[in-house]
Amino acid sequence: MIEKNGAANLLAGRNAPGSLARAFDALALSLRSQEQLLLAASTDLCVTNRALRLLSACNQTLIRATAEDVLLTQICQLIVTVGAYPFAWIGLADDMAEGKMRPYMSAGVEGDRLQELCCVWGNEADAASHLTAMPDGPVVVPTTAVRSAPAWQQAAAARGYQAVATFPLNYASHPLGVLAIYADNPDAFGVPELNLLQEMADDVAFGVATLRTAAERQQLEAKTERLTAQLQQAQRMESIGLLAGGIAHDFNNVLVPILAYAELGSMSLAPGTPARDKFEKIYAAAERAAALTRQILAVSRRQVLQIATIHPNEVIAELNKMLCRLIREDITVNLVLTPDVAPINADRTQIEQVILNLMVNARDALPNGGTLTVETANVELDAAYAATHRDVEPGQY
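None of the values given here were measured: they were computed from a predicted structure.

Let's shift gears to the pattern of salt bridges. Tallied over the full model, the rule gives eight salt bridges. The salt bridge involving Arg 276 is made with Glu 280; its shortest N-O contact spans 3.4 Å. Of the two residues, Arg 276 and Glu 280 both sit in helix α6 (residues 274–299), four residues apart, roughly one turn of that helix. Two residues, Asp 364 and Arg 363, come together in a salt bridge whose shortest N-O distance is 3.2 Å. Ionic contacts of the salt-bridge type, sharing partners, join the residues Glu 318, Arg 348 and Glu 352 into one network.

What the second largest pocket holds in volume is close to 590 Å³. Along the wall of the second largest pocket there are 22 residues; nearest its centre are Pro 312, Ile 316, Glu 375, Thr 376 and Ala 377. Of all the elements in the fold, those that place two or more residues in the lining of the second largest pocket are α7 (312–326), α8 (348–364) and β12 (370–376). In terms of residue count, α8 provides more of the lining of the second largest pocket than any other element does, six residues in total. Looking at side-chain class alone, the lining of the second largest pocket contains 17 nonpolar, four polar and one charged residues.

How each quantity is defined
Residues numbered from 1 in each chain as written. Predicted model: local features only at pLDDT ≥ 70, side-chain atom pairs only at ≥ 80, totals over all residues. Heavy atoms only, no water. Salt bridge = Lys/Arg side-chain N within 4 Å of Asp/Glu carboxyl O. Helix = DSSP H or I, 4+ residues; strand = E, 2+ residues; numbered from the N terminus. 1 Å grid on protein atoms, 1.4 Å probe; cavity = no way out; pocket = protein on both sides within 12 Å on 5 of 7 lines; lining within 4 Å. Points joined across faces, edges and corners; volume = space filled by probe spheres on them. Nonpolar A, V, L, I, M, F, W, Y, C, P; charged D, E, K, R; others polar.

Here it is in structure tokens:
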């Protein structure tokens, strides 16, 4: 009975060739569908593995990074070499002008093309006409050569780019910049790929923020070191000033009897006698020494400045004899004193010391001799001069 049924079925199959052909077609279609699915899965797997390798390479670069510019350059280069994307660039929010970020570092394209690129940050109204980056996640835009498309899309399509993805560089909810990646495959930037690339962008943002924090800390430490050195120098100068003030005070006590006896000696002699002339020279020398001690005491904050109205021409004329002894014989001192020069309010001793210091510096600047001119004049310093000289107010001087 079974053999009869099998033979009957076989005979029926031979009599129905159309059914068998349809079965083979269905099987072939199923196999092709599965092959396509396997190919798509394999492609997705390759893209994911490539994105993972890119993420790993970027993290290794972040670990070794010491400078922001170098880091961003290396990240763009890795996107092109490891990620196999034709073009990538990074724009920084610090350089944003008129709401647009332009390439700060890039890889894949050089020259004038970079000047044509820009990205609008978080402005959906401009998304139709500009490449846009949103703060809450990546944005993928396909390129097209249609004339009605925005100019940037047509330019990208003309260079062979099929899609563009922008990734925000955020750190602690603060936008640091944008990462733009261009692809030559219209099916690029699937969901797994976008997630990995956004993770890479987040890591880059963290690295940039870390480097900036480190740079700020180094600047703060350097500033602290400078301030500490200045404080130590001020403390040393204060100690030296106190020491100099004490010595000047004791020296001034020694000068008091010299001045007194020189004055008494000159008063006891008739005018014009050689002895009186010597006493007067002793008194003048002691008076200059006393003025010097007053200046040292003023520097050490132990002497109040004696501000008075003085005439610069008179001060220079009185210093002229001393200047001749300070200046070498191969240097000629030329005094050009304006008769109507205005008087000034200052401490006479300090003005004398300033003039002496200027003369000594000028002398040292003339090793081969020459002419040294001391000139007084009334001048007016304008706002342009004051802008380039610290602590100077415009006006008459």
